[in-house]
Amino acid sequence: MESRLYPNLILDALTKVRYPGNGKNIVELGMIADDMRIDGRKVSFTIVFEKPTDPFAASVVKAAEAAIKTYIADDVEPTISVASLKPAVQERHNPLPGVKNIIGVSSGKGGVGKSTVASNLAVALAAEGYKVGLLDADIFGPSAPKMFGVEDETVYMHEVDGRPLIIPVEKYGVKVLSIGFLVDKNSAVLWRGGMASNALRQLIEEADWGELDYFLIDMPPGTSDIHLTLVQTLAITGVIVVTTPQEVALADARKGISMFVGDKVNVPVLGLVENMAWFTPEIHPEEKYYIFGRDGGAKLAKEAGVPLLAQIPLVGKVCEGGDSGKPVAIGDDPITSQAFTHLAHEVTEAVDKRNNELPATVKVDVGRR
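Basis of the calculations
Each residue is numbered by its place in its chain's sequence as written, counting from 1. For this predicted model, a pLDDT threshold of at least 70 governs which residues receive local features, and a threshold of 80 or more governs which side-chain atom pairs are given and counted, while totals over whole chains, interfaces and linings are taken from all residues. For the side-chain quantities, the full set of heavy atoms in the structure was used; hydrogens and water were omitted. By the criteria applied, helices consist of DSSP H or I runs no shorter than four residues and strands consist of E runs no shorter than two, each listed in order from the N terminus. Per-residue accessibility, obtained with a 1.4 Å probe over protein chains only, is compared with the maximum for each type, and a residue is labelled buried under 20%, exposed over 50%, and partly exposed between these values. Contacts are assigned to residue pairs with any non-hydrogen atoms lying within 4.5 Å of each other. For the accessible areas, the method is Shrake-Rupley and the probe is 1.4 Å, while residue cover comes only from the protein chains on display. Two rings from Phe, Tyr or Trp (for Trp, the six-membered ring) form a pair when their centres sit within 6.5 Å of each other. Planes less than 30 degrees apart are called stacked, planes more than 60 degrees apart edge-to-face, and all others tilted. The criterion is that NZ of a Lys, or CZ of an Arg, lies within 6 Å of the ring centre and within 35 degrees of the ring normal, and then a charge sits over that ring. Think of it this way: DSSP has to see at least two bridges between two strands before they count as a pair. Interaxial angles span 0 to 180 degrees and are taken between N-to-C directions of axes, which are lines fitted to C-alpha atoms, for helices over the stretch in contact. Patches draw on residues past 30% relative accessible area with no salt bridge. Two like charges within 9 Å are joined, as are two nonpolar side chains (Val, Leu, Ile, Met, Phe, Trp, Tyr) within 5 Å. By definition, a salt bridge exists where a carboxyl oxygen of Asp or Glu is found within 4 Å of a side-chain nitrogen of Lys or Arg. Every angle not falling under 35 degrees, over 145, or within 65 to 115 is termed oblique; those three ranges are roughly parallel, roughly antiparallel and roughly perpendicular. The nonpolar class holds Ala, Val, Leu, Ile, Met, Phe, Trp, Tyr, Cys and Pro. Asp, Glu, Lys and Arg form the charged class, and all remaining residues, Gly among them, are polar.

Some thoughts on the overall build of the protein
Here comes step 1: Tallying secondary structure elements over the protein gives 11 helices and 13 strands in all.
Here comes step 2: Expressed as a percentage of the 369 residues in the protein, the buried residues total 48%.
Here comes step 3: The contacts in the protein between residues at least 6 apart in sequence include a share of 74% that link residues at least 24 apart.
Here comes step 4: As displayed, the protein offers around 18,000 Å² of accessible surface, 51% of which is attributable to carbon and sulfur atoms.

Considering the packing of aromatic side chains
Here comes step 1: Under the defined criterion, the tally for this structure stands at 6 aromatic pairs.
Here comes step 2: An angle of 85° between the planes, with centres 5.2 Å apart, marks the rings of Tyr130 and Tyr214 as edge-to-face. Taken together, the positions of Tyr130 in the loop between helix H4 (114–127) and strand S5 (132–136) and Tyr214 in strand S10 (residues 212–218) put the pair 84 residues apart, joining distant regions of the chain.
Here comes step 3: Given a relative accessible area of 32%, Tyr130 falls into the partly exposed group.
Here comes step 4: Lying over the aromatic face of Tyr71, Lys16 brings its terminal NZ or CZ to 5.5 Å of the ring centre.
Here comes step 5: The ring of Trp278 carries the charged tip of Lys288 above its face, separated from the ring centre by 4.0 Å.

Looking at the pairing of strand S6 (residues 157–160)
Here comes step 1: With 4 bridges connecting them, S6 and strand S7 (residues 163–166) associate as antiparallel partners. The partner of His158 across the bridge, within S7, is Leu165.
Here comes step 2: Here S6 folds back onto S7, and the loop between the two strands holds 2 residues, one of which, Asp161, carries a positive phi near 50°.

Examining the sheet that holds strand S12 (residues 269–279)
Hydrogen bonds between backbone atoms are what pair the strands of a sheet, whose relative direction is either parallel or antiparallel.
Here comes step 1: The strand order across the open sheet formed by 8 strands is S8-S9-S5-S10-S4-S11-S12-S13, and the pairing between neighbours is mixed. The outermost strands of the open sheet, each flanked by one partner alone, are strand S8 (169–171) and strand S13 (308–314). Taken over all neighbouring pairs, the strand axes of this sheet differ in orientation by 25° on average, direction set aside.
Here comes step 2: Alignment of S12 against S13, held across 5 bridges, turns out to be parallel.

Regarding a nonpolar patch on the surface
Here comes step 1: There is a patch of nonpolar side chains on the surface, built from Phe279, Tyr289 and Ile291 and spanning about 280 Å² of accessible area.
Here comes step 2: Here Ile291 is to be found in the loop between S12 and helix H9 (296–304).

Things to note about the pattern of salt bridges
Here comes step 1: The full count for this structure, using the stated rule, is 8 salt bridges.
Here comes step 2: The salt bridge partner of Asp218 is Lys114, with a shortest N-O separation of 2.6 Å. Taken together, the residues span a long stretch of sequence, with Asp218 in strand S10 and Lys114 in helix H4 at a distance of 104 residues.
Here comes step 3: Measuring nitrogen to oxygen at the nearest pair gives 2.9 Å for the salt bridge that ties Arg254 to Glu303. A residue pair is termed long-range when its members are at least 10 positions apart, and Arg254 in helix H8 (residues 247–261) and Glu303 in helix H9 qualify at 49 residues.
Here comes step 4: Judged by its relative accessible area of 53%, Glu303 is exposed.

Observations concerning the packing of H4 against helix H11 (residues 334–357)
Here comes step 1: Following both chains from N to C, one finds H4 and H11 inclined at 80°, their axes separated by 9 Å at the closest point. With respect to H11, the axis of H4 lies roughly perpendicular. On H11, the residues that touch Val117, Asn120, Leu121, Ala124 and Leu125 of H4 are Phe340, Thr341, Leu343, Ala344, Val347 and Thr348.
Here comes step 2: In terms of residue class, the contact of H4 with H11 is built from 8 nonpolar, 3 polar and no charged.

As structure tokens, this is what we get:
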């Protein structure tokens, strides 16, 4: 019985192929492009070399063909294309020419309310009169459709300058796109990293985002291929890191900050948001209970040398708003609406300061060797 071909099987075989220049395998080096196609026993993909004159290109292609036949099956028919990196051309290409500022909303771990912060920040910015877009980049756990109350919306396409583009769903003045619009909301998304990255690029490059003042990206928790895809695809203005006061969350937030400020990524951290900073009963808004610890986010911000943008209280209506599709940023609860309005003001000031003091962002080249 012949084995069924799937991308993971091909990639596993290609890990046996070493690039002669340094001895590392070509999958680890990121040399396999996200264009793999499988048709029965035929497979096609591209191997990307740093230079068009790479002296090892021919031998690497032959080794890749041999690896597929040796480690999978001899009847597999590989068609391997060769491409080269062209940094100058890549740098000129801007997939979002009408967007002024691109802001990532990140967290070191799940469960800290990152998506809640991203959604309410987007709505609060729109309420201030800005043109805002929100990309739900959490491919494996999309939540924006529910938080905006648009789970049952159908996404359509239209033609712009001869190109078919996805039309973002608009709600509360925010243009929203999520993989959640394109998959069954009750089923898990089981994709390899390359497939997820490809889907994400489509939501960025093949959508009609138009003119935006702020394009927010709700990133997946932790650090992953998706983060690298984002910083390689877009020139991100800066990131906001969300945490709770708990030590376990703070430890992961430190890792998240270090990823962005590291030499390979080098994306400015605009500041930190301490979510669930304290619990406030709705009937006693003046009371504060520090059930997850006190000022942990404030201390981390000081330690990391980044601004503390806001401390968001834990109030019952925040959860209710997310579940009902009515963000609390525009609700009638003064505690939460004021907290997110304050955050929106702090973010716009942080972006202005960053743009005045630092050079324009460029897409990240994390290097292949």
